[in-house]
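Each chain, letter by letter, is given below.
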Amino acid sequence: MNTKSRSAKSVRKLESGPIRNYKLPEYPFVAPPELQNKQVKHHPIVIVGAGLSGLTLACKLAQLGIPAVLLDEDNTVGVKGASSRGICYTQQSLEIFKRLGIHDRIASKGIAWHVGRTFAGQDEVFSFDLRDRQEFSVSEQPPFTNIQQFYIEWFLVDRIQALNQAGAAIDIRWKSKVTDFSQNAHAATLSVSTPQGPYTIQATHVIDATGSHTPFHAWCGVTMDSKRGDDRWCIADVRFKNTPPTERHTWIEAPFNDNRAVWQHLMADDVWRIDYQMAPDADPAYVSREDVVRERLAKQFGKDVACDIVWVGPYAYKSQCLHQLRHERVFFIGDTAKVVSPFGARGGNTGIADADNLAWKLAAVMRGMAPAALLHTYNQERLQAARRNVQVTNRTARYLRAPEGVERLFRSATIGLAKQHPFARLLINTGRMAEANTYAVSDICKPEGGWMVQNARIQFTPDHQGTLSDLLNWTQGRLLLLVFGKLRSSDMKKLSLLSLSAPVRVVQVVHKDKPQALEHVIDPHKHLRRACQASSTGWALLRPDAYLAARGRQVDNKLIAAIAQALALQ
Ligand SMILES: Cc1cc2nc3c(=O)[nH]c(=O)nc-3n(C[C@H](O)[C@H](O)[C@H](O)COP(=O)(O)OP(=O)(O)OC[C@H]3O[C@@H](n4cnc5c(N)ncnc54)[C@H](O)[C@@H]3O)c2cc1C
């Protein structure tokens, strides 16, 4: 694998959209061994699609030392001509990126916003400050960061390349489009088209991360629920001479947009995303014409508004969810698993979570730490998340494009009430922001696990600070057993034996007491214990994706059973 030549990049402008103002990296095509030797090679994992989901999965596998081939038909980040699409990233995603080693770049480039205001007509209906909610949070990451999606993808590519330099084996192949696929008991076979001709590749596992227009649905004959509405939107990404306040503003009914909805958010590079709801079935070519966009901006910000238009993008959305997220050798992640409307930022964020869920399971199975049955739990857990996200976003979409009749009446009533009565504000639905999904049903984290533990701050020594993410990275894909408080010597013996014999790393978490175990951390403010909701002398078993597998009080058979259960060993 020639990582060096692949890391070379030049910069090009985005090729479509009426206004071209973003510069993206361009990665070279490098002929793979299959083209040079004309031999069909078998790979354990082939990921198709280097978008947000595929790159997150590849980066996690790189970190865990699992080799994979990553194919993408394009040679840059972002989807052709689609600007940044996603802008808003949740605490869960930011924690995942922290573990992957790109959070610092995201934090320094992105915008951590706190204040949100919702308007209807001329009135502010309500506002919130996310910092007020932070008193319940022990995460080191903010609730949200706004940054263009392509920056995250760019950082992920850079990170994979850096991990490759350090010995990882992720073979990213740009300009490599999968054109055909079949699978049988022995392997999956993919046809790949490249600038230097086609070749065939085989794989044990295929990850479909090709986005909402995936060809794999047809190739696999999947079944799904799918619905497309007539709601139309048009994005204007703009840079102002005089900037508005760094707040998230949403209008349910904007007087300057024919009483339709409008979103206003700041992202990196001082670029504002203004997202306008259009008339049903509006003509995309007309609504994205520069003079028409400028007219809309003038209506909102005044006729003398001085701004550069960075990008304009009309879009419609659909809602779609597969009935199963696995089809024999193929796993569906991101937009191939489900497609949601953008309200609440649930599309990309849940694709990132899909990738994080699948990566450690693939690694555990490939290393022989867990049986293949562990992979079935990807469908069990992430299908619940997909269905929930489809349900939540569908509700918002119906609220924002409320049909005439009872739903429109309900919406008007909620707006009227919310202006005067705080209780009614909960009914205003301009998007329920994404959050880490919990798994009510999971064979590997029952009866009380299945929720994500926040990235709490800890100390390795009084002078050496860290976070839970450091501990999770240190396990290298194993389970993490946190034992709180003082230990009996008999428990100490059992735990040392456990860490020698099972794929689990044991860490004692002390508050003020002296540590007894070799591996220990200090939890000075009890944030880690609070994040695990553990008792002062109990234990918490965490998976590599920071989900709680189980917790208990005694070092006994229940703990051994929980470890076996978390790895689908029983
Ligand atoms: C207007 C808008 C705003 C949004 N805002 C947010 C937001 O704030 N937060 C959020 O989380 N989400 C948001 N989303 C959703 C988010 O953009 C998507 O959910 C996300 O891009 C899905 O990522 P993905 O990796 O699954 O697919 P994609 O990003 O679509 O990536 C698919 C990749 O597969 C490649 N590919 C396709 N076909 C092939 C093939 N045959 N062979 C090889 N490669 C192939 C493509 O080149 C591409 O790189 C928004 C979406 C829109 C439209």
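For clarity, every value in this text was computed on a predicted model and none was experimentally measured. (Residues numbered from 1 in each chain as written. Predicted model: local features only at pLDDT ≥ 70, side-chain atom pairs only at ≥ 80, totals over all residues. Heavy atoms only, no water.)

Engineer: Go over the overall build of the protein with me, naming the residues and quoting the values.
Structural biologist: What the protein contains, in helices and strands, is 17 helices and 27 strands. For the protein, whose C-alpha radius of gyration is 25 Å, the value lies close to the compact-globule estimate of 25 Å for 570 residues. Each of the three principal axes of the protein carries a C-alpha extent, and together these read 75 × 65 × 45 Å. Out of the 570 residues belonging to the protein, those deemed buried represent 58%. Distance from the positive charge centre (71 side chains) to the negative charge centre (54 side chains) of the protein: 4 Å. (Helix = DSSP H or I, 4+ residues; strand = E, 2+ residues; numbered from the N terminus. Rg over C-alpha atoms; globule rule 2.2 N^0.38 Å. Buried < 20%, exposed > 50% of the residue type's maximum accessible area, 1.4 Å probe, protein only. Lys, Arg positive; Asp, Glu negative; His and termini not counted. Charge placed at Lys NZ, Arg CZ, Asp CG, Glu CD.)

Engineer: Lay out the layout of surface pockets in plain terms, naming residues and giving numbers.
Structural biologist: In this structure, the second largest pocket occupies an estimated 1,200 Å³ of space. Lining the second largest pocket are 42 residues, with R133, F144, M433, A434 and E435 positioned closest to its centre. For the lining of the second largest pocket, the secondary structure elements donating two or more residues are helix 4 (91–100), strand 7 (123–129), helix 6 (130–133), strand 14 (248–254), helix 12 (373–400) and helix 16 (527–532). A class-by-class count of the residues in the lining of the second largest pocket yields 18 nonpolar, 14 polar and 10 charged. (1 Å grid on protein atoms, 1.4 Å probe; cavity = no way out; pocket = protein on both sides within 12 Å on 5 of 7 lines; lining within 4 Å. Points joined across faces, edges and corners; volume = space filled by probe spheres on them. Nonpolar A, V, L, I, M, F, W, Y, C, P; charged D, E, K, R; others polar.)

Engineer: Now, about the pairing of strand 21 (residues 457–461): what can you tell me, with residues and values included?
Structural biologist: Sheet analysis places strand 21 next to strand 22 (residues 464–467), joined by four bridges and oriented antiparallel. Directly across from Q459, in strand 22, lies its bridge partner Q465. Here strand 21 hands over to strand 22 after two residues, the two strands then running antiparallel side by side. (Pairing = 2+ DSSP bridges.)

Engineer: Outline the site of the ligand, supporting the account with residue identities and numerical values.
Structural biologist: Around the ligand lies a shell of 33 residues, among which D72, R85, Q149, D335 and N349 are the nearest. With respect to the ligand, the side chain of Q149 contributes an N or O atom lying 2.8 Å from an oxygen atom. Within the backbone of V178, a nitrogen or oxygen atom sits 3.0 Å from a nitrogen atom of the ligand. Here the ligand, which alone exposes 1,000 Å², has 90% of that area covered by the protein. When contributions to the shell around the ligand are tallied by element, the ones reaching two or more residues are helix 3 (52–63), strand 5 (88–90), strand 10 (177–183) and helix 11 (347–366). Of all the elements, helix 11 adds the most residues to the shell around the ligand, at three residues. (Near = heavy atom within 4 Å. Polar contact = N/O pair within 3.5 Å; in protein donor to acceptor, adjacent residues only side chain to side chain. Areas by Shrake-Rupley, 256 points an atom, 1.4 Å probe, with all protein chains shown as cover.)

Engineer: Any details on the packing of aromatic side chains? Residues and values, ideally.
Structural biologist: The tally for this structure, following the rule as stated, stands at 19 aromatic pairs. Look at W113 and F128: their rings are 6.4 Å apart centre to centre, the planes differ by 55 degrees, and that puts the pair in the tilted class. With W113 in the loop between helix 5 (103–109) and strand 6 (115–120) and F128 in strand 7, the pair connects residues that are 15 residues apart, well separated along the chain. Residue classification places W113 among the buried residues on the basis of a relative accessible area of 4%. A relative accessible area of 19% means that F128 is categorised as buried. Relative to F343, the ring of W263 lies with its centre 5.9 Å away and its plane at 45 degrees, an arrangement referred to as tilted. Within this pair, whereas W263 is found in strand 15 (residues 260–266), its partner F343 is found in the loop between strand 20 (338–339) and helix 11, the two being separated by 80 residues in sequence. (Phe/Tyr/Trp six-rings, centres within 6.5 Å; stacked < 30°, edge-to-face > 60°.)

Engineer: Outline the packing of helix 3 against helix 7 (residues 149–165), listing residues and values.
Structural biologist: At a minimum axis separation of 9 Å, helix 3 and helix 7 run at an interaxial angle of 25 degrees. Considering the angle they form, helix 3 stands roughly parallel to helix 7. Remark: the crossing between helix 3 and helix 7 carries left-handed chirality. Along the contact surface, helix 3 presents L52, L55, T56, A58, C59, A62 and Q63, while helix 7 presents Q149, I152, E153, L156, V157, R159, I160 and L163. (Axes fitted to C-alpha atoms, helices over the stretch in contact; angles between N-to-C directions. Parallel < 35°, antiparallel > 145°, perpendicular 65-115°, else oblique. Left-handed = near helix turned anticlockwise from the far one by under 90°. Contact = heavy atoms within 4.5 Å.)

Engineer: Before we move on, can you summarise the environment of R401 with the specific residues and values?
Structural biologist: Secondary-structure assignment places R401 in the loop between helix 12 and helix 13 (406–420). Taking the C-alpha atoms as reference, R401 lies 44 Å from R551; in sequence the two are 150 residues apart. Apart from the residues lying within four places of it in its own chain, the contact partners of R401 are D230, D231, Q277 and P280. Engagement of the side chain of R401 in a polar contact is seen with the side chain of D230, the distance being 2.9 Å.

Engineer: Outline the pairing of strand 9 (residues 170–173), supporting the account with residue identities and numerical values.
Structural biologist: With burial as the criterion, each face of strand 9 is covered, one bearing I170 and I172 and the other bearing D171 and R173. In this sheet, strand 9 lies alongside strand 4 (residues 68–71) in parallel orientation, the contact comprising four bridges. Paired with L70 across the two strands is I172, which belongs to strand 9.

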